[in-house]
Amino acid sequence: MPGTDEIAEARKQGRAALDELAGKRLLAGFGIAVPRSLVMPDAAGAAAACAKLTPPLALKVVSPDILHKSDVGGVKVGLLNAGEIEKAMRMMMLRPEIARARIDGFLLEEMAPAGQEVVIGGLRDPQFGPLVMVGLGGVFVEVLADVSFRICPITRLDAEEMLDELKGAPLLRGARGRKPASREAILDALLKVGGKDGLLMTHADDIAEADINPIIVSEHAAVAVDARFLLTKA
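The rules behind these values
Residues numbered from 1 in each chain as written. Predicted model: local features only at pLDDT ≥ 70, side-chain atom pairs only at ≥ 80, totals over all residues. Heavy atoms only, no water. Helix = DSSP H or I, 4+ residues; strand = E, 2+ residues; numbered from the N terminus. Contact = heavy atoms within 4.5 Å. Pairing = 2+ DSSP bridges. Axes fitted to C-alpha atoms, helices over the stretch in contact; angles between N-to-C directions.

**Description of the side chain of S148**
Now for step 1: Structurally, S148 can be placed in strand β8 (residues 147–151).
Now for step 2: With near-sequence residues (within four places) excluded, S148 lies in contact with V132, M133, V134, M162, E165 and L166.

Below you can see the structure in the form of structure tokens.
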């Protein structure tokens, strides 16, 4: 079963959430595209790591104490070489919230092609069980709260209705000169998260909350560039 090892390891370590790398392995196990990435313990491995990936690259701090990395300065994008990676690490470690946190390493990953930011998430409701959500990602989630929910498992028709309910649906279709985001790619990702054999149903007893934000959706594909999974209490 995809994700079983990652969840078991997190519970073994007494963690309340999956780290980003484990979360992306969980997504990949269900067929959701994620960027190529690797984890470095420190700056000493920057040159070797950079040689294995194609820039531009994103660097993210990995810590069980930090759930929202961008809020504490734990994310740097557009890095082109080992020198820039090493400098970004040093600057991150000067941030007070990062300096006092437990650091497991630094995630280095290839950046996804440009596209529309979408969020897919979910939560375990005490009465209804797993719920799945979709909305416009990035600042649109916090500012506009433009999201749609359904009880899992969803069908393709449910997924289509969820997208059509969004006030920002015209943006996905290419309004105001934007390139359209692949509707098929979004529907596919929604079903892989909230469908009958999807992530939320498969791990209904273990996933308390899921937040895949953003998923970058181009005209042809969708790539999950960040993911957060909170676990149920054992």
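**What about the sheet that holds strand β4 (residues 75–79)?**
Now for step 1: Spatially, β2-β5-β3-β4 is the arrangement adopted by the four strands of the open sheet, whose pairing is antiparallel. Both edges of this open sheet fall to β2 (37–40) and β4, since each of them pairs with a single strand only. Neighbour-to-neighbour, the strand axes of the sheet open up by a mean angle of 20°, direction not taken into account.
Now for step 2: Where helix α2 (residues 20–29) meets the sheet, it contacts β2, β3 (57–62) and β5 (105–110), and its direction lies at approximately 40° from that of β5.

**Description of unusual backbone geometry**
Now for step 1: Residues P55 and P56 are joined by a peptide bond in cis, for which omega reads 5°.
Now for step 2: As for its position among the elements, P56 is in the loop between α3 (46–52) and β3.
Now for step 3: In this chain, N213 is followed by P214 through a cis amide linkage whose omega measures 5°.
Now for step 4: Structurally, P214 is set in strand β9 (residues 207–217).

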